[in-house]
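Listed here are the chains, written in short residue letters.
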Amino acid sequence: MMDCIIVGGGVSGMFAAITAAGQGKKVLILEKNDCLGKKILITGNGRCNFTNEIVNPLFYSSEDNAKGHAFADKVLSECGNDKLLEMMSELGMSFYVREGYYYPKTDEAVTFRDTLINEINRLGIEVVYNYNLRSIKRTDSGFELSDKNNIYHGKKVILAMGGKAAPKTGSSGDAYYYLEGLGHKIIPPLPALTTLKTDYPTSLQGVNALADITLLIDDERIATEHGFIKYYKGMLSGIPIYQLSTRTAKAFNGKCKVEILVDFLADTNIDKAISRGLDERNALYQSINPKIVDAYYEEGNIQLFSSVKYEIIGYGDYNSAQCTSGGVDINEINPDTMESKVCPGLYITGELMDITGRCGGYNIQWAFSTGVIAGSNI
């Protein structure tokens, strides 16, 4: 009988295991893949932006944002970026900060992953690989977990199986089925931090442009992001688009009209160029990518470039998404312990719950925070 069985060896599962084992608990990790932390290797374009200088509960969203912000505030107040940086330092990993984003000093995601694996090995934590969970049952002494061939017993269980994003790394949403069977409500999952599908001139394929980008839902301005918009294979991409995509996907599925409004003239010196005698087109060439100018220019209508509008007709699937929105209703999770209010002895961490962070290291931070809290309370 294990003190704790952790299903899922990603970020939250590994931090939960390290924390629990560090307190003397007998821990077993059941991992679907043939290695731990497979999804870590694709984060931050393989560089692993693992947290941020500024970690704010308002940078997280959920079905009910007011409750989500309150939940995130409790979690991050207990276990924030200071603890993550302290722990990685203690484990011997060097890191650096660039524009507020923290990365391993090697600039390699594998460094972050292997630092955790090295500690798991040092602590002697048992890991079972290629484990495909088939059932979770309550017993008088705890829980019984089984696959096709094996049964494991644990006093407590931490589900750290992630959502549905990046299915090539083993994320398939299996946990939702088991959680519903244990009485939990699941907010319908959707791709988050993903691309947005729209129509645009083919000449813009491959163009990157700095702009202010605003999300419109049923003609209402919802949020604005500043950064590079990227035109790629019929999709809009780039960090600002990813930031807006979580709310976009929910609105799109709610049959709302969804549009992206792009201001290419924001933070440009085009007025000065015109005042010095340049004609409109050449003035635009000095401020905006020429392909964008050629695609949209209308003589005498320079302000058009402050309000180029795209109707959103779809969004990237889970293969394109960095994470999943939706998941376990946070009203059913104790933010002080990560224990289920529906099924005592069961703990839920990371992406599996209905909390989604922005780009910028916030989702790995969330996985760390919830994993450590769960591991501390089993």
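Here, the structure is the one placed above.
Quantities reported herein were computed from a predicted structural model and do not represent experimental measurements. All residue numbers refer to position in the chain's written sequence, counted from 1. Whole-chain, interface and lining totals are the exception, using all residues; otherwise, since this is a predicted model, local features are given only for residues with pLDDT of at least 70 and side-chain atom pairs are given and counted only at 80 or more. Note: side-chain values were computed over all heavy atoms of the structure, leaving out hydrogens and water.

A. How the structure looks around helix 2 (residues 65–78). For helix 2, built from 14 residues, the straight-helix expectation of 20 Å at 1.5 Å per residue is met to within 8% by its first-to-last C-alpha distance of 20 Å. Think of it in three bands: residues with accessible area under 20% of the maximum for their type are buried, residues over 50% are exposed, and the middle band is partly exposed, with areas taken using a 1.4 Å probe on protein chains only. Every helix listed is a DSSP run of H or I at least four residues long, and every strand listed is a run of E at least two residues long, numbered separately from the N terminus. Of all the residues in helix 2, the buried ones are G68, F71, A72, V75 and L76. The arc that holds the buried residues of helix 2, viewed along the axis, is 125°, so those residues lie on one side. Exposed side of helix 2, more than 90 degrees from the buried face: A66 and S77 are the residues found there. The secondary structure elements touched by the buried residues of helix 2 are strand 4 (60–61) and helix 10 (362–376). Where helix 2 begins, one side-chain oxygen reaches toward the backbone nitrogen of A66, 3.2 Å away; that side chain belongs to D64. Helix span, as expected, comes to 1.5 Å for every residue beyond the first. The arc under discussion is defined with respect to the helix axis, by the directions toward the C-beta atoms. Should any heavy atoms of two residues lie within 4.5 Å, those residues are considered in contact. Nitrogen and oxygen atoms within 3.5 Å of one another constitute a polar contact, given that in protein one can donate a hydrogen and the other can accept it, and given that sequence-neighbouring residues count only through two side-chain atoms.

B. Quick peek at the pairing of strand 17 (residues 308–311). Covered by surrounding structure in strand 17 are V308 and Y310 only, the residues K309 and E311 on the alternate face being uncovered. By definition, two strands form a pair when at least two bridges between them are found by DSSP. When strand 16 (residues 258–263) meets strand 17, the two strands line up antiparallel, connected through four bridges. Of the residues in strand 17, the one forming a bridge with E259 is E311.

C. Main features of the sheet that holds strand 5 (residues 95–98). Read from one edge of the open sheet, three strands run 3-6-5, paired in antiparallel fashion. The sheet is open, and its two borders are formed by strand 3 (51–52) and strand 5, each paired with just one other strand. Alignment of strand 5 against strand 6 (residues 101–104), held across four bridges, turns out to be antiparallel. Following the sheet pairing, V97 is matched in strand 6 by Y102.

D. View of the nonpolar core. Among buried residues, the Ala, Val, Leu, Ile, Met, Phe, Trp, Tyr and Cys ones that are joined through side-chain atoms within 4.5 Å form a nonpolar core. Core analysis: the largest hydrophobic core is formed by 77 residues, its most contacted members being F15, F50, F112 and L145. Counting 34 residues, the second largest nonpolar core, distinct from the first, contains A211, L215, I241 and I302.

E. Structural context of the side chain of S62. The topology assignment puts S62 in the loop between strand 4 and helix 2. On the basis of relative accessible area, S62 is assigned to the buried category, the value being 5%. Within the local environment of S62, its side chain forms a polar contact with the backbone oxygen of D64, the two atoms lying 2.9 Å apart.

F. Structural view of the pattern of salt bridges. One speaks of a salt bridge when a side-chain nitrogen belonging to Lys or Arg is within 4 Å of a carboxyl oxygen belonging to Asp or Glu. The final tally for this structure, using the stated rule, is ten salt bridges. A salt bridge links K32 to D174; the nearest nitrogen and oxygen atoms lie 3.1 Å apart. With K32 in the loop between strand 2 (27–30) and strand 3 and D174 in helix 5 (residues 174–181), this residue pair connects regions lying 142 residues apart in the sequence. A relative accessible area of 31% places D174 in the partly exposed class. Between D107 and R47 there is a salt bridge, with the nearest N and O atoms lying 3.3 Å from each other. Residue D107 is located in the loop between strand 6 and helix 4 (109–123), and its partner R47 is located in the loop between strand 2 and strand 3; the two are separated by 60 residues in the primary sequence.

G. Looking closely at a nonpolar patch on the surface. Every patch collects residues that have over 30% relative accessible area and no salt bridge, joining them within 9 Å if they carry like charges and within 5 Å if they are nonpolar side chains (Val, Leu, Ile, Met, Phe, Trp, Tyr). Under the convention used here, a 1.4 Å probe and the Shrake-Rupley method define accessible areas, while residue burial counts only the protein chains that appear. Together, L41, I42 and V110 make up a nonpolar patch on the protein surface, roughly 220 Å² of accessible area in all. Its location among the elements puts L41 in the loop between strand 2 and strand 3.

H. The arrangement of the pairing of strand 6 in detail. Sheet analysis places strand 3 next to strand 6, joined by two bridges and oriented antiparallel. Looking at strand 6, one finds that T51 is bridged to Y102.

I. How the structure looks around the environment of A283. The topology assignment puts A283 in helix 8 (residues 280–285). We classify A283 as buried; its relative accessible area is 0%. In this structure, the C-alpha to C-alpha distance between A283 and A273, residues ten residues apart in sequence, is 5.5 Å. Once you skip the residues sitting within four places of it in the chain, A283 turns out to touch I270, A273, I274 and L278.

So far we have only geometry, and geometry alone does not tell us how the molecule works.
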